[in-house]
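Okay, here's what each chain looks like letter by letter:
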Amino acid sequence: MIIAIDGPAASGKSTVARALAQRLNLTFLDTGAMYRAVTLRVLLAGVDSDDGEACTRIAEAMDISFDENGYVLLDGKPGEPEVRGSEVTAAVSTVAAHAGVRAAIVPKQQSIAAAGGAVAEGRDTTTVVFPEADHKFFLIASPLERGRRRAQERGEPERAGEYAAEIERRDELDRTREHSPLRQASDASLVDTDGCTPEQVCERLLAHILGGA
Ligand code: DC
């Protein structure tokens, strides 16, 4: 079974997808972590993130996989927490917008899921990577709520406003790019997560998947 969950930054996709994968005994596939892995390599190599050809060469040459807990590995070595750093976060939407980078990464995502099913989350998993997924969801939350969640995660609750601004900037880039922009697939269920805990969202999705709502 393949379950695809898309939505903007900090909409709760990762937490919910990870929990759902555990409940359903499926692989958790964090597609954003793969673009973050490429971006980390791009920055370490001193390559300009606007240089699509150089970014593509890096994406094609590197091996990206996941450990048994769903954390990204770069050529077999742990990519956390470096892939979540602020420089990677600032550059990742630019790197992920290059068609060549996406062409290198999407088949890797498809082959990971083909191995036995997955709960995949990202920006284009419902539209481009797994258009035939068994279940599709599009998670949303208000920018302020998303800023609050991200600030909590990082242990800096007083910076919710700054995180919200950074998230909105990234949303805009992800939504307006030419290749595989963030958009709700017509057959994806919209799930507004404002005011809900990740557990509540996970239960809603499970009810939907197992034949309820
Ligand atoms: O979900 P995240 O914040 O870790 O994603 C990081 C970036 O990667 C995001 O700004 C856009 C990009 N991305 C993408 O283009 N396609 C995906 N399927 C997942 C993420």
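Residues numbered from 1 in each chain as written. Predicted model: local features only at pLDDT ≥ 70, side-chain atom pairs only at ≥ 80, totals over all residues. Heavy atoms only, no water.

Visitor: So what exactly am I meant to see when it comes to the site of the ligand here?
Guide: Near the ligand there are 15 residues, and of these Arg36, Arg102, Asp124, Arg170 and Arg177 occur at the shortest range. Contact between the ligand and Thr31: a nitrogen atom at 2.9 Å from a side-chain N or O atom of the residue. Protein contact buries 97% of the 440 Å² of open area that the ligand shows by itself. If you list the elements that add at least two residues to the shell around the ligand, you get α2 (31–44), α4 (86–96) and α8 (160–176). If one sorts the elements of the shell around the ligand by residue count, α2 sits on top with four residues. Class assignment for the residues of the shell around the ligand results in three nonpolar, four polar and eight charged. (Near = heavy atom within 4 Å. Polar contact = N/O pair within 3.5 Å; in protein donor to acceptor, adjacent residues only side chain to side chain. Areas by Shrake-Rupley, 256 points an atom, 1.4 Å probe, with all protein chains shown as cover. Helix = DSSP H or I, 4+ residues; strand = E, 2+ residues; numbered from the N terminus. Nonpolar A, V, L, I, M, F, W, Y, C, P; charged D, E, K, R; others polar.)

Visitor: Just to check I follow, could you spell out the pattern of salt bridges for this structure?
Guide: When the charged atoms of two side chains lie near each other, side chains of opposite charge can form a pair. On inspection of all chains with the given rule, the structure shows 17 salt bridges. Residue Glu145 pairs with Arg148 through a salt bridge whose shortest N-O separation is 3.9 Å. Of this pair, Glu145 and Arg148 both sit in helix α7 (residues 143–153), three residues apart, roughly one helical turn. Where Arg149 meets Glu145, a salt bridge forms, and the shortest distance between an N and an O atom there is 3.2 Å. Separated by four residues within a single helix, Arg149 and Glu145 lie in helix α7, roughly one turn from each other. In the salt-bridge network here, residues are joined through shared partners; they are Arg146, Asp171, Glu172 and Arg175. (Salt bridge = Lys/Arg side-chain N within 4 Å of Asp/Glu carboxyl O.)

Visitor: I'm lost on helix α1 (residues 13–24) in this one. Help?
Guide: Here α1 spans 16 Å end to end across twelve residues, near enough to the 16 Å set by a 1.5 Å rise per residue. All of the buried residues along α1 are Lys13, Val16, Ala17, Leu20 and Ala21. One side of α1 carries all its buried residues, which in axial view fall inside an arc of 135°. For α1, exposure combined with an orientation more than 90 degrees from the buried face picks out Gln22 and Arg23. Its buried side turned inward, α1 meets β1 (2–6), β2 (27–30), β6 (118–122), β7 (135–140) and α9 (198–209). Of the residues one or two after α1, Asn25 is the one with positive phi, at around 55°. (Expected span 1.5 Å × (residues − 1). Buried < 20%, exposed > 50% of the residue type's maximum accessible area, 1.4 Å probe, protein only. Arc of directions from axis to C-beta. Contact = heavy atoms within 4.5 Å.)

Visitor: Can you help me understand the packing of aromatic side chains in this one?
Guide: Given two aromatic rings, one states the distance between the centres and the angle between the planes to describe the pair. Inspection of the entire model under this criterion finds zero aromatic pairs. Over the face of the ring belonging to Tyr71 we find Arg18, whose NZ or CZ atom lies 4.3 Å from the ring centre. (Phe/Tyr/Trp six-rings, centres within 6.5 Å; stacked < 30°, edge-to-face > 60°. Lys NZ or Arg CZ within 6 Å of the ring centre and 35° of its normal.)

Visitor: For this particular structure, what's the right way to read the sheet that holds strand β4 (residues 72–74)?
Guide: A sheet is described by the order of its strands in space; here three strands give the open sequence β3-β4-β5, paired in antiparallel fashion. Taken across any chain shown, the strands that pair with only one partner, and hence form the sheet edges, are β3 (64–66) and β5 (77–78). With three bridges joining them, β3 and β4 adopt antiparallel strand pairing. Each bridged residue has a counterpart across the sheet, and for Ile64 the counterpart in β4 is Leu74. (Pairing = 2+ DSSP bridges.)

Visitor: Before we go on, may I ask you to explain the environment of Ala133 in this structure?
Guide: On the secondary structure map, Ala133 appears in the loop between α6 (125–129) and β7. Distance from Ala133 to Arg175, taken between C-alpha atoms, is 21 Å for residues 42 residues apart in sequence. Not counting residues up to four positions away in its chain, the partners in contact with Ala133 are Ile2 and Ala4.

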